[in-house]
Amino acid sequence: MARKHGRNGRLLAAVASGGTAEPIAFLKTFSISFATDNVDVTAFGDTNKVSVAGLPDSSGSYDGFYDTDTAQLFTAATDGVARKFYLYPDYSDTTEYFFGTAIFDFSVSQAVDGAIGISGDWQAASSVSKVG
């Protein structure tokens, strides 16, 4: 696979409960993280610390600009229902993406000298898979 520029990334999520995943308007960044719990099993006589892998986790964040014409992820963050989501590293190649369901947070921030921004985190509510 070739290296790619981030300009064609896209986050799609079901904004309304039970709705169809749609592009979230005016985002400029998103992230996805796959971390695994490590459990310390170091015992007497070991010559260094020893760990075993626990369960994997998936979570992420997003950041963008506030839009008055769409709900963005406000509804998803306030009703407590997990949503289908798709993260596309390059939306011009729809054969590669991450997919799952997540619970979203939503924050708005603004300053007198800048654009109104949105940001939030998400936490997996199901298995998250990489397709392609």
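Residues numbered from 1 in each chain as written. Predicted model: local features only at pLDDT ≥ 70, side-chain atom pairs only at ≥ 80, totals over all residues. Heavy atoms only, no water.

Novice: Would you mind going over the overall build of the protein chain with me for this structure?
Specialist: What the protein chain contains, in helices and strands, is one helix and nine strands. When the helices and strands of the protein chain are listed from N to C terminus, the series reads β-β-β-β-α-β-β-β-β-β. For a compact globule of 132 residues, the expected C-alpha radius of gyration is about 14 Å, and the protein chain comes in at 18 Å, more than 25% above that figure. Seen through its C-alpha atoms, the protein chain measures out along the principal axes to roughly 65 × 35 × 35 Å. Looking at the protein chain as a whole, 26% of its 132 residues qualify as buried. Contacts spanning at least 24 positions in sequence make up 58% of the contacts within the protein chain whose residues lie at least 6 apart. Carbon and sulfur atoms make up 52% of the accessible area of the protein chain, which amounts to about 8400 Å² in all. (Helix = DSSP H or I, 4+ residues; strand = E, 2+ residues; numbered from the N terminus. Rg over C-alpha atoms; globule rule 2.2 N^0.38 Å. Buried < 20%, exposed > 50% of the residue type's maximum accessible area, 1.4 Å probe, protein only. Contact = heavy atoms within 4.5 Å. Areas by Shrake-Rupley, 256 points an atom, 1.4 Å probe, with all protein chains shown as cover.)

Novice: When you look at the confidence of the model for the protein chain in this model, what are you seeing that I'm missing?
Specialist: Detailed reading of predicted coordinates is not advised where the pLDDT is low. With 99% of its residues at a pLDDT of 70 or more, the protein chain has an overall mean of 95. Across the protein chain, element-level confidence peaks in strand S8 (residues 117–124) with a mean pLDDT of 98 and bottoms out in helix H1 (residues 74–78) with 94. (pLDDT = per-residue confidence, 0-100.)

Novice: How do you make sense of the environment of Leu 11 when you look at a structure like this?
Specialist: Mapped onto the fold, Leu 11 is located in strand S1 (residues 10–13). Judged by its relative accessible area of 3%, Leu 11 falls in the buried class. Not counting residues up to four positions away in its chain, the partners in contact with Leu 11 are Glu 22, Pro 23, Ile 24, Leu 27, Phe 30, Tyr 62, Leu 73, Phe 85, Tyr 86 and Leu 87.

Novice: What exactly am I supposed to notice about the nonpolar core here?
Specialist: Ranked by internal contacts, the top residues of the largest apolar core, which has 16 residues, are Leu 11, Tyr 62, Leu 73, Phe 85 and Phe 104. Excluding its chain neighbours within four sequence positions, the residues that come into contact with Tyr 62 are Leu 11, Leu 27, Thr 29, Phe 30, Leu 73, Phe 104, Asp 105, Phe 106, Ile 118, Ser 119, Gly 120 and Asp 121. (Core = buried A, V, L, I, M, F, W, Y, C linked by side-chain atoms within 4.5 Å.)

Novice: Would you explain the pairing of S1 in this entry?
Specialist: The two faces of the sheet receive side chains in turn, since in a regular strand these alternate between them. Note: S1 against strand S5 (residues 83–88), four bridges, orientation antiparallel. Bridging across to S5, Leu 11 finds its partner in Leu 87. In the sheet, S1 pairs with strand S2 (residues 22–23) via two bridges, with the strands oriented antiparallel. Bridge pairing links Leu 12 to Pro 23 in S2. (Pairing = 2+ DSSP bridges.)

Novice: Please explain the pattern of salt bridges as it appears in this structure.
Specialist: Opposite charge on two side chains permits pairing when their charged atoms draw close. One pass over the full model with this rule turns up six salt bridges. Arg 83 is the partner of Asp 79 in a salt bridge, and the nearest nitrogen-oxygen pair spans 2.9 Å. The class of Asp 79 is partly exposed, set by a relative accessible area of 33%. What makes Arg 83 buried here is its relative accessible area of 1%. A salt bridge links Glu 96 to Lys 130, with the shortest nitrogen-to-oxygen separation between them at 3.5 Å. With Glu 96 in the loop between S5 and strand S6 (97–104) and Lys 130 in strand S9 (residues 129–131), this residue pair connects regions lying 34 residues apart in the sequence. Here Glu 96 falls in the buried class, since its relative accessible area comes to 11%. Taken together, the shared-partner salt bridges in this structure form one network comprising Lys 4, Asp 90 and Asp 93. (Salt bridge = Lys/Arg side-chain N within 4 Å of Asp/Glu carboxyl O.)

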